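Chain by chain, the residues:
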Amino acid sequence: MRKKIVAGNWKMNNNLSETINLINDLKIQIYKNNVKVMIAPAFTFLHDAVKQIDGFDIEVISQNINNNSSGAYTGEVSAEMLKSIGVNTTLIGHSERRAYYNEDDELLLNKLKYSIECGMNVIFCFGEELSDRKSQNHFTVVKNQLDNTVMKVDKSSWKKIILAYEPVWAIGTGETASAEQAQEMHEFVRKCISESFGEEISNNVSILYGGSVKPNNASEIFSKKDVDGGLIGGAALNASDFSKIVESNR
Ligand code: PGA
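Residues numbered from 1 in each chain as written. Predicted model: local features only at pLDDT ≥ 70, side-chain atom pairs only at ≥ 80, totals over all residues. Heavy atoms only, no water.

Chemist: Now, about the sheet that holds strand β5 (residues 121-126): what can you tell me, with residues and values included?
Modeler: Strand order in the open sheet formed by eight strands is β3-β2-β1-β8-β7-β6-β5-β4, with parallel pairing between adjacent strands. The outermost strands of the open sheet, each flanked by one partner alone, are β3 (58-60) and β4 (89-92). Going from strand to strand, the sheet's axes swing by 25 degrees on average, the running direction of each strand aside. Here four bridges tie strand β1 (residues 4-9) to strand β8 (residues 229-232), and the two strands are oriented parallel to one another. Residue A7 lies in a different strand from β8, and its bridge partner there is L231. (Pairing = 2+ DSSP bridges. Helix = DSSP H or I, 4+ residues; strand = E, 2+ residues; numbered from the N terminus. Axes fitted to C-alpha atoms, helices over the stretch in contact; angles between N-to-C directions.)

Shown next as structure tokens:
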């Protein structure tokens, strides 16, 4: 059985008191039945967030990670540091990291392999740009992104991997892929995984959809058979919206 997951990517939002307040609101409002809930506050407040969660069943995760264990990497954060404060899952390959910080497939593969070696779980993000979709190249682009990264890990790594399909044109734009477009891509990705790693792995990997998921469209998107949940940006900053999205993933 695949895990249903809703993860909130807070990006570079919320100072310390806003972080604590949002967590307190989530603790009151989240009714999650069988859904795994994750939140990714900024690095600065991860330790405070872990403490504030205080046993409540929401996992605090990081938005990024470095691919080295320690050393002269100014401004970076390692898996060991994250694990030492109780953060055991990280996003890798978000389109904003790819676009603004030049993170290419080679670096992302290093991050992925190193994180898994360190025992971290990974939400690995991928997705095409608007021009790729307009030129009908979205399947090829996605397949390339996957072939260069997650398809290069060994079979045993897959129990640590969650995938997030995030069409770049739908992130933060209010534009959403239709539920059918999401399903079509998720099904395609599952087929690619099955071809390389077999059906058991492809049936067990959770594939999240990300890109302007809101309370009013979440149920329809999550109802599709290969969509196991969502990676939520803007709507994760509001406790009531985020809780409604979590509830939509029954
Ligand atoms: P959005 O962001 O929900 O604001 O579109 C999604 C994401 O970047 O993960």
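After that view of the structure, there is still more to cover.
Chemist: Pulling in residues and values, what's your account of the packing of helix α1 (residues 16-29) against helix α11 (residues 239-248)?
Modeler: Packing of α1 against α11 leaves a shortest axis separation of 9 Å and a crossing angle of 40 degrees. In this view, α1 runs oblique relative to α11, as classed from their interaxial angle. Relative to α11, α1 is oriented so that their crossing is right-handed. Where α1 approaches α11, its residues L22, D25, L26 and Q29 are matched on the opposing element by A239, S240, F242, S243 and E247. Its residues placed into classes, the contact of α1 with α11 shows four nonpolar, three polar and two charged. (Parallel < 35°, antiparallel > 145°, perpendicular 65-115°, else oblique. Left-handed = near helix turned anticlockwise from the far one by under 90°. Contact = heavy atoms within 4.5 Å. Nonpolar A, V, L, I, M, F, W, Y, C, P; charged D, E, K, R; others polar.)

Chemist: Pulling in residues and values, what's your account of the packing of aromatic side chains?
Modeler: Going through the model one piece at a time under the given rule, you end up with five aromatic pairs. Residues W158 and F197 carry aromatic rings whose centres are separated by 5.2 Å and whose planes lie at 55 degrees to one another, so their mutual orientation is tilted. Residue W158 is found in the loop between α7 (138-147) and β6 (161-165), and its partner F197 is found in helix α8 (residues 179-197); the two are separated by 39 residues along the sequence. For the pair formed by W158 and F197, the shared burial category is buried. Taken together, the ring pairs in this structure connect F126, Y165 and Y209 into an aromatic cluster. (Phe/Tyr/Trp six-rings, centres within 6.5 Å; stacked < 30°, edge-to-face > 60°. Buried < 20%, exposed > 50% of the residue type's maximum accessible area, 1.4 Å probe, protein only.)

Function cannot be inferred from these measures alone, as they are strictly geometric.
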